[in-house]
Amino acid sequence: MSHASTIRGQEILNNPALNKETAFTMTERQSLGLEGLLPPTVENIDRQLERVQTQLAAKPNDLERYIYLMSLAARNKTLFYHTLMSDPARFVPIVYDPTVADACLAFGHIYRGSAGMYLTRDMKGRFKKILRNWPVKDVRFICVSTGGRILGLGDIGANGMGIPIGKLQLYTACAGVPPEALLPVLLDIGTTNAALRADPLYLGLRELPPDEAEVDLISDAFIEAATDVFPGVCIHFEDWKGTDAMRLLARYRDKVLCYNDDIQGTAAIAVAGLTTALQIKNETFADQRVLFLGAGSAGIGIASMIVSAMVEAGLGEAEARERIVLIDVNGLIETSRTDLNEWQKPFAHEAKPTKDLLEVVRTFKPTILIGVSTIGGAFTEEVVREMAKLNERPVIFPLSNPTNKAECTAEQAYTWTKGKALYAAGVQFPDFEYQGKSYHPGQANNFYIFPAIGLAVYATRPARITDDMFITAAAATADQVGPSAREHGMLFPLQANILETEVTTATRVAEHIFDSGQATVERPENIRAWIEGLLYKPVYKEL
Ligand SMILES: NC(=O)C1=CN([C@@H]2O[C@H](COP(=O)(O)OP(=O)(O)OC[C@H]3O[C@@H](n4cnc5c(N)ncnc54)[C@H](O)[C@@H]3O)[C@@H](O)[C@H]2O)C=CC1
Ligand SMILES: CC(=O)C(=O)O
Ligand SMILES: [Mg+2]
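Every chain begins its residue count from 1, and numbering advances along the sequence as written. Naming scheme: in the order in which they are written, chains are lettered from A and ligands are numbered from 1. Predicted model: local features are reported for residues with pLDDT of at least 70 only, side-chain atom pairs are reported and counted for 80 or more only, and whole-chain, interface and lining totals are derived from all residues. No hydrogens and no water enter the side-chain calculation; it runs on all heavy atoms of the structure.

An unreviewed UniProt entry lists the chain under the name Oxaloacetate-decarboxylating malate dehydrogenase, from Acetobacter estunensis.

Written as structure tokens, this is what we have:
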């Protein structure tokens, strides 16, 4: 940070971007007025990590580990990211899905200090002035949520702030986007959650949200202010109420640099997993029949990208849509329904109205079953067994989050299909032994995609984000699962190498952005090397 040369002593220790704690050298301690403010031993970051590990091991559960890690982030950013990046497969589930769900549910209770910004609907006329209170001027990404639909937890209002914070931490931990470029925002429009409004420790507005027209005006004011105060910023929408998500993406996608992760990021990771599953089955998208339980932002996003994949595989668009069937809370999406929204209507087919998933499985005979319904356990034993009766290798993707919202668990899917299921969930279920064979469940979670998109956008600075960037990210992710991994039933790249994986994905997306003329920076000779040179590294700098 720019104050590095001017600030001294305790002020440095209070600055998480500069603080190195016991890693300040004796020379630095002398020149920066730190002598006596620290214990005498000088340590390197790996010794500090050892202490973090010891302290984490003493915590009784992952929510306590989450609280500890957020406090570490507030105190020492470098050590925080060094910790996350030392073992992403272990730490991603703590700072993100599924533990972040517990953190959000308890947000007002576990609150220990602010990270990011809270904009409330009554600040609407003053968003610009307020955004200028953020200490960093060159913000490149804002992840913004209203908390209107956090994971599968419903509307939890300002408690949803854990999501923009966690998503942006993964931009850095999984794709090396510099943390100072990232701003989490909770846009507080009120909440329908009466229990939270009555909770004395709730930290958000205790009001009901306004109507759609007013949500749009608040959102317009926010977008205008954010793009004015932070020129070139990319707005990442996350976990808004589903209909707000779809309406606002359509409203802004051709006007500002923005994307909706639940619609576009989720689509890309689902299509990546389906691509490897179909390679294992030696089939193409043109051979598939896809059934969704859930027809909201995630369902419509995935269905739309599957249409593109089917068209790419040779089907006409109408033919592709015929092969996709969705069910929502009111039943099958079919033409006699009068309550469908404009994103659902293109997927309505003539069919007998029903709310019965098993019946639709029996009549439609899907090859692929996707759950984005928020209803834990909705893929019952009968449903899963029926999928196995219809298909030699049924593809079963219960994607709802967190763990208890998964439409079926990995253990259930493997047991009920006698090990035949090609399975992925939103969370990472543990490996499962079945009849002497070990199965590694897939995790189809958009965190494979949005950090990589972020890195590609960070580097190439396009004016808009287009669907083909997500299609490229999906292909790049699938291509990183080699034939021998697929032979072991792996659908996604290993998480231990997530940084390497996402840099590879980002490089492919960046190449596409250059090739399609969407970049606003000069094309470097070697795109990968150039991107690698931009990556944040969790190492201390000499002060
Ligand atoms: N794995 C991943 O990367 C992602 C997973 N998700 C998960 O997907 C779920 C849905 O997210 P969104 O689509 O954004 O939410 P949404 O609120 O837009 O959509 C939910 C859909 O489920 C339907 N639904 C609710 N109850 C149902 C029932 N009993 N039977 C059938 N359908 C029912 C609703 O009518 C709606 O169509 C959430 O649990 C979320 O965590 C979302 C984004 C990414
Ligand atoms: C993973 C994610 O974005 C969700 O569940 O909403
Ligand atoms: Mg989400």
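Now that the structure has been shown, we can carry on.
## Remarks on the site of ligand 2
Neighbouring residues are identified by heavy atoms, a residue being near a molecule or strand if any of them is within 4 Å of it. Surveying the vicinity of ligand 2 reveals the residues Y96, R149, L151, K167, E238, D239, D262, N401, N445 and N446. Contacts to ligand 2 include R149, whose side-chain N or O atom sits 3.0 Å from an oxygen atom. One of the side-chain N or O atoms of N401 is found 2.8 Å from an oxygen atom in ligand 2. Computed with the Shrake-Rupley method and a 1.4 Å probe, the accessible areas treat only the protein chains shown as cover for residues. Against a free-state accessible area of 220 Å², the protein chains account for coverage of 90% of ligand 2. Under this definition, polar contacts are N or O atom pairs within 3.5 Å; protein pairs additionally need one hydrogen-donor-capable and one acceptor-capable atom, and for neighbouring residues in sequence, both atoms have to be side-chain atoms.

## With respect to helix α18 (residues 381-390)
Structural remark: α-helix, 3.6 residues per turn; residues separated by three or four positions point the same way. For α18, every residue scored as buried is listed here: V383, V384, E386 and M387. Buried positions in α18, seen along its axis, are confined to an arc of 155° and lie on one side of it. Counted as exposed and oriented over 90 degrees from the buried face of α18: E382 and K389. In this analysis, two residues are considered to be in contact whenever any of their non-hydrogen atoms come within 4.5 Å of each other. Only DSSP runs of H or I with at least four residues qualify as helices, and only runs of E with at least two residues qualify as strands; both kinds are numbered from the N terminus onward. Residues of α18 that are buried make contact with α17 (357-364), β9 (368-371), β10 (395-398) and α19 (410-416). Only protein chains enter the calculation, and the probe is 1.4 Å; a residue is then buried if its accessible area is under 20% of its type maximum, exposed if over 50%, and partly exposed in between. This arc is built from the directions going out from the helix axis to the C-beta atoms.

## Overview of unusual backbone geometry
Residue P98 follows D97 across a cis peptide bond; omega there is 10°. Relative to the elements of secondary structure, P98 occurs in the loop between α6 (88-95) and α7 (99-105). Between N401 and the following residue, P402, the backbone shows a cis peptide bond with an omega angle of -10°. Residue position: P402 is located in the loop between β10 and α19. Positive phi values are uncommon outside glycine, yet N282 reaches one of about 60°. Counting through the fold element by element, N282 comes out in the loop between α14 (261-281) and β6 (290-293).

## Some points on the coordination of the magnesium ion (ligand 3)
Metal donors were taken as nitrogen, oxygen and sulfur atoms no farther than 2.8 Å from the ion, or 3.2 Å where the ion is Na, K or Ca. Water is excluded, so coordination may look unfinished. Note on the magnesium ion (ligand 3): its protein donors are E238 (OE), D239 (OD) and D262 (OD). The metal-donor distances range over 2.0 Å. Positions of the donor residues of the magnesium ion (ligand 3) along the chain correspond to the pattern E-D-x22-D. Of the two residues, D239 is situated in the loop between β4 (234-237) and α13 (242-252) and D262 in helix α14; the sequence distance between them amounts to 23 residues. For the pair shown, D239 and D262 are each scored as buried.

## Regarding the pattern of salt bridges
Salt bridge, as used here, is a side-chain nitrogen of Lys or Arg placed within 4 Å of a carboxyl oxygen of Asp or Glu. Enumeration according to the criterion identifies 33 salt bridges in this entry. The partner of K128 in a salt bridge is D228, and the shortest N-O contact between them spans 3.9 Å. With a gap of 100 residues between them, K128 in helix α9 (residues 127-131) and D228 in helix α12 (residues 212-229) connect regions that are remote in the sequence. By relative accessible area, which is 28% here, K128 ends up partly exposed. It is possible to trace a salt-bridge network through shared partners that takes in E212, D216, D220, D244, R247 and R251.

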